[in-house]
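Summary of the model geometry
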Amino acid sequence: VGAVDARKGVWLLQHQTKLFMVNASKLSEELFYQLTLKNFSNFRYQALQEPVPLSQLALLALEEKFDETLSWDDSDGSKEDVARRVSELLCEKAEMLKEYLGVYIDAEGRLLGVPNMLAGYTPEIGKLPEFVLALAENVDWSTERACFQTLARVLGHFYAVDCSYDEINASADEGAQITPADEETETQRVIRLVVFPAMKRNLLPPRDYATDGTVIQIACLEQLYKVFERC
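In this report, we go over the structure that sits alongside the text. The model shown is predicted, which means the values in this text are computed figures rather than measured ones.

Moving on, we come to the overall build of the protein chain. When helices and strands are tallied, the protein chain shows nine helices and seven strands. In the protein chain, buried positions account for 40% of the 231 residues. Considering only residue pairs separated by 6 or more positions, the protein chain has 68% of its internal contacts joining residues 24 or more positions apart. Only carbon and sulfur atoms are counted for the fraction: they give 49% of the accessible area of the protein chain, which is about 13,900 Å².

Pasting the structure below:
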């Protein structure tokens, strides 16, 4: 049907005679998690416009994560040291990341490309620093099964739909107009025409999504008829 609050990932969906309010960010995260597991070692990749050093991306993520509200623990070394170690770890895993996931890292420790998970859809580039740091922090590299599952979760989070950058991107250039709230942005259009149809074809949502607020039924045509009949 459309977005209720795209920046928060809240959308309306209609199924037959029922209307649902859904958390599109959470649904799409699960979609891309499942697509990662389904397509392991069978990914094409999409190249970045320019290679980006992993250490630079990791440092950006650390600076954003440890801001004024969360202090840095110097016992771990400087942020630059941690960013360098993140880069070294991912360089060690570069061949595996390329073979299984389509994450391309060159010998110089630069990120060259990310997997093409869904034709017509590109993840938000502003999430790259968080993605690189998560590959180091949130992946269990100790066992094969745990490694694959945690890698899939990290990719799912990275590819999950995110409209929070729309206003930033619209106002980045001097003189640009911020997109009105009631006007569909390019990101929203792609979500509506590409991501939601992919959910319909491929997503097997967990049962708890029906009770944890991810999917909420807000109207049913038959029930509305009964209300109007009483009036």
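Anyway, onward from the coordinates.
For Pro53, the position within the fold is in strand S4 (residues 45-53). With a relative accessible area of 28%, Pro53 lands in the partly exposed category. Setting aside its immediate chain neighbours within four residues, Pro53 contacts Gly109 and Arg110.

You will see that Gln16, though not glycine, has its phi angle at about 55 degrees, which is positive. The topology assignment puts Gln16 in the loop between strand S2 (10-15) and strand S3 (18-23). For Gln16, a relative accessible area of 63% corresponds to the exposed category. At Ser41, a position not held by glycine, the phi torsion is positive, near 65 degrees. Examined against the element boundaries, Ser41 turns out to sit in the loop between helix H1 (24-38) and S4. With relative accessibility at 45%, the residue Ser41 sits in the partly exposed group.

In this section: the pattern of salt bridges. Under the criterion given, the structure shown has nine salt bridges. Across the salt bridge formed by Arg110 and Glu108, the nearest N and O atoms sit 3.7 Å from each other. For Arg110, a relative accessible area of 27% corresponds to the partly exposed category. The partner of Glu186 in a salt bridge is Arg189, with the nearest N and O atoms 2.9 Å apart. In this pair, Glu186 and Arg189 both sit in helix H8 (residues 186-202), three residues apart, roughly one turn of the helix. Residue classification places Arg189 among the partly exposed residues on the basis of a relative accessible area of 35%. Sharing partners across several salt bridges, the network here consists of Asp81, Arg84 and Glu88.

Attention now moves to the pairing of S2. Side chains on a regular strand alternate between the two faces of the sheet. Summarising the sheet, strand S1 (residues 2-5) and S2 pair through three bridges and their orientation is antiparallel. Along S2, the bridge assignment pairs Ala3 with Trp11. Counted between consecutive antiparallel strands, the loop separating S1 from S2 contains four residues, among which Gly9 sits at a positive phi close to 80 degrees. Following S2, the chain reverses through two residues before pairing antiparallel with S3; Gln16 in that reversal takes a positive phi of roughly 55 degrees.

A word on helix H2 (residues 54-65). Since the α-helix packs 3.6 residues into each turn, any two residues three or four apart lie on the same face. The end-to-end C-alpha distance of H2 is 16 Å, a good match for the 16 Å that twelve residues give at a rise of 1.5 Å each. By the burial criterion, the buried members of H2 are Leu54, Leu57, Ala58, Leu59, Ala61 and Leu62. Contacts made by the buried residues of H2 are with S4, helix H3 (79-92), strand S5 (104-105), strand S6 (110-115) and helix H5 (128-137).

Turning our attention to the nonpolar core. Counting 61 residues, the largest nonpolar core has Leu90, Leu111, Tyr121 and Phe131 as the members making the most contacts within it. Leaving out residues up to four positions away in the same chain, Phe131 has contacts with Val103, Val114, Val154, Leu155 and Phe158.

Running from N to C, H2 and H5 cross one another at 95 degrees; their axes reach a closest spacing of 8 Å. On the basis of the axis angle, H2 is roughly perpendicular to H5. Contacts from Leu54, Leu57, Ala58, Leu60, Ala61, Leu62 and Lys65 of H2 reach H5 at Leu128, Pro129, Glu130, Val132, Leu133 and Glu137. Counted by class, the contact of H2 with H5 contains ten nonpolar, no polar and three charged residues.

Next up on the list: the packing of H5 against helix H6 (residues 144-159). Following both chains from N to C, one finds H5 and H6 inclined at 170 degrees, their axes separated by 10 Å at the closest point. It follows from the interaxial angle that H5 and H6 lie roughly antiparallel. Across from Leu128, Glu130, Phe131, Ala134 and Leu135 in H5, the residues of H6 making contact are Leu151, Val154, Leu155, His157 and Phe158. Residues that form the contact of H5 with H6 fall into these classes: eight nonpolar, one polar and one charged.

Cut-offs applied
- Residues numbered from 1 in each chain as written.
- Predicted model: local features only at pLDDT ≥ 70, side-chain atom pairs only at ≥ 80, totals over all residues.
- Heavy atoms only, no water.
- Helix = DSSP H or I, 4+ residues; strand = E, 2+ residues; numbered from the N terminus.
- Buried < 20%, exposed > 50% of the residue type's maximum accessible area, 1.4 Å probe, protein only.
- Contact = heavy atoms within 4.5 Å.
- Areas by Shrake-Rupley, 256 points an atom, 1.4 Å probe, with all protein chains shown as cover.
- Salt bridge = Lys/Arg side-chain N within 4 Å of Asp/Glu carboxyl O.
- Pairing = 2+ DSSP bridges.
- Expected span 1.5 Å × (residues − 1).
- Core = buried A, V, L, I, M, F, W, Y, C linked by side-chain atoms within 4.5 Å.
- Axes fitted to C-alpha atoms, helices over the stretch in contact; angles between N-to-C directions.
- Parallel < 35°, antiparallel > 145°, perpendicular 65-115°, else oblique.
- Nonpolar A, V, L, I, M, F, W, Y, C, P; charged D, E, K, R; others polar.

Everything listed here is a matter of coordinates, which is why it stays silent on function.
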